[in-house]
Amino acid sequence: MKFQKPKGTKDILPPEIHKWHFVEKVIRDTMDLYNFSEIRTPMFENTTLFKRGVGTETDIVGKEMYTFEDKSGNSITLKPEMTAPVARAFVEHNLASQAPIHKFFYITSMFRYEKPQEGRYREHTQFGAEVLGTNDVYSDIEIISLVKHIYNQVGVHNFKVKINSLGMPDDRRKYIELLINYLNNHQEHLSNDSKRRLVINPLRILDSKDPNDIEITEHAPKILEHLDIASIVRFEKVINGLTIAGIDYEVDFRLVRGFDYYTDTTFEFISEDLGSQNAIGGGGRYDKLVETIGGKPIPGIGFGSGIERMIMVADRNNFIFPSGKSVDVYFITLNEEAKLVAFKEILNLRKSGIKCEYDSLGRSFKAQMREANKMNSRFVYIIGDEEITKQKGLLKKMSDGSQTEISFNNIIENIK
RNA sequence: GUGGGCAUAGCUCAGUUUGGUUAGAGCAUCAGAUUGUGGCUCUGAGGGUCGUGGGUUCGAGUCCCAUUGCCCACCCCA
């Protein structure tokens, strides 16, 4: 019997890892530039956090959570999203009393029990940010600019920003009633899925892909026309800010996201390079979440973005990810004594930060040359019988093939 | 969770229609092409229980069933 990775998971092997290192570095550097600090929370939480925070009617909580009982009978869930854990840590450590505003970022695995397909895993990696403590419109704009800023550095240019406002809960509730009334009159023409959603989560009918549903919802009441004046003003300010920031956006009344905690601003980044799972990232404002999970009424906004999907888009746009430093010196050794000399020299060179490699299979000269060439070594240092006698090795520059005799302890001066 | 397709060497795939001797190619790997010199070229070698388990048959990579995995769409999302 052969072992294989669990369904919906992946291994990242050496030829791919430089992409991840690069993306992670860009994220950390850019987050620092925007003055966000990293937060790490456990891989799992008590299940009730997500039920309370995210909402039991959402698909993520309702059917996609990795939930299990631990040995003492507590219900544990591998985190399917990061906003609720961050809010929990924020409340648990009473951070609100230490400073009025907190800006967090994270890079972490997420777990959702779904049917895997391209760009969709059961364990995937997201980076994201959360701003807690202000509902300033500029924090909305800053978050969206930040995402774009990071995308552009990692080769993700081909994407659209969709934006909408879901208003505050009271307005949304009233709007949903209007929507239900409207849809009830067209019920017989709705898809089966949407008939079901009419009872469970009517907003979701707005983003149905069924042509009939789209036709019907085209003339449905629009949420943006039924919001409180404060929400409308704020939405306009956000949009204005995006224009000033030079970010192209598309107002999309069909954009309703899969978490119950959103209020006012919601947004999504989509790319046509992803196929059917076309969202690279998304987020929104959640001004009621902190109090929902037992904190003070503190507003927040955040986003999450899938790193697998970002790399996928970058690859499909032929983005070249910078790779690490290549080998500086490959030691070619032709006998046992030479190996000992090489071993001593390598110890020294590595202390000075020179990247070295050597043959550990006792292979032929030619094979060692090929190996050095394959790993793109800048230099080769050859030690054979003659060189041992002279106490000088042959330093060969691979780019032009030139080679000179260099004493054993003189290598470092000659490879600049 | 629902529907459709695919599974042959490390990778990309022929071979399946019309079951029939030791299952092939390219790339990759390794080794050679006169003494101790890489990239290009040439030659050769290793590597597969044909996803797994049953069944039909004198005989199965090829037909049938089941199972697992992957892909596509729906659902949903990153």
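Quantities reported herein were computed from a predicted structural model and do not represent experimental measurements.

Participant: Give me the lowdown on the sheet that holds strand E11 (residues 300–306), citing residues and values where you can.
Facilitator: Overall, mixed pairing links the eight strands, which are arranged E1-E5-E6-E11-E10-E9-E7-E8 in an open sheet. Where the open sheet ends on each side, the last strands, each with one partner, are strand E1 (37–38) and strand E8 (250–251). The strands touched by helix H4 (residues 83–92) within the sheet are strand E5 (102–111) and strand E6 (123–132), with E6 carrying the most contacts at an inclination of about 45°.

Participant: Outline the domain arrangement of chain A, supporting the account with residue identities and numerical values.
Facilitator: We note that the domain assignment places domain 1 (14–168 + 228–316) and domain 2 (329–415) within chain A. Put simply, the middle of domain 1 and the middle of domain 2, counted by C-alpha atoms, are 50 Å apart.

Participant: Account for the packing of aromatic side chains, naming residues and giving values.
Facilitator: Under the counting rule described, the total for this entry stands at 14 aromatic pairs. Plain terms: the ring middles of Phe319 and Phe321 are 4.9 Å apart, the flat faces sit at 90° to each other, and that makes the pair edge-to-face. Chaining the aromatic ring pairs together yields one cluster made of Tyr151, Phe159, Phe267 and Phe269. A cation over an aromatic ring shows up here: Arg122 above the ring of Tyr113, its NZ or CZ 4.0 Å from the ring centre. In this arrangement the basic side chain of Lys222 is found over the ring face of Phe253, its NZ or CZ atom lying 4.6 Å from the centre.

Participant: Which residues make up the confidence of the model for chain A, and what are the values?
Facilitator: Across chain A, the average pLDDT comes to 93, with 100% of residues at or above 70. For this predicted complex, the interface confidence reaches an ipTM of 0.88, while the overall pTM sits at 0.93.

Participant: Requested: an account of the protein's contact with RNA strand B, with residues and values cited.
Facilitator: Near RNA strand B, the surroundings consist of 49 residues, among which Arg112, Glu118, Arg204, Gly258 and Ala279 are the closest. At the protein interface, 56% of the atoms of RNA strand B within 4 Å belong to sugar or phosphate. Separating a base nitrogen of RNA strand B from a side-chain N or O atom of Arg120 is a distance of 2.9 Å. Within the contact set of RNA strand B, a sugar or linking oxygen lies 2.7 Å away from a backbone nitrogen or oxygen of Gly281. Listing elements by their share of the surface near RNA strand B, those giving two or more residues are helix H3 (59–63), E6, helix H7 (192–200), strand E10 (279–285), E11, helix H13 (365–374), helix H14 (385–390) and strand E15 (392–397). In terms of residue count, the dominant contributor to the surface near RNA strand B is H13 (seven residues). For the surface near RNA strand B, the residue count by class is ten nonpolar, 16 polar and 23 charged.

What counts and how
- Residues numbered from 1 in each chain as written.
- Chains lettered and ligands numbered in written order.
- Predicted model: local features only at pLDDT ≥ 70, side-chain atom pairs only at ≥ 80, totals over all residues.
- Heavy atoms only, no water.
- Pairing = 2+ DSSP bridges.
- Helix = DSSP H or I, 4+ residues; strand = E, 2+ residues; numbered from the N terminus.
- Contact = heavy atoms within 4.5 Å.
- Axes fitted to C-alpha atoms, helices over the stretch in contact; angles between N-to-C directions.
- Domains from an automatic or database assignment.
- Phe/Tyr/Trp six-rings, centres within 6.5 Å; stacked < 30°, edge-to-face > 60°.
- Lys NZ or Arg CZ within 6 Å of the ring centre and 35° of its normal.
- pLDDT = per-residue confidence, 0-100.
- Near = heavy atom within 4 Å.
- Polar contact = N/O pair within 3.5 Å; in protein donor to acceptor, adjacent residues only side chain to side chain.
- Nonpolar A, V, L, I, M, F, W, Y, C, P; charged D, E, K, R; others polar.

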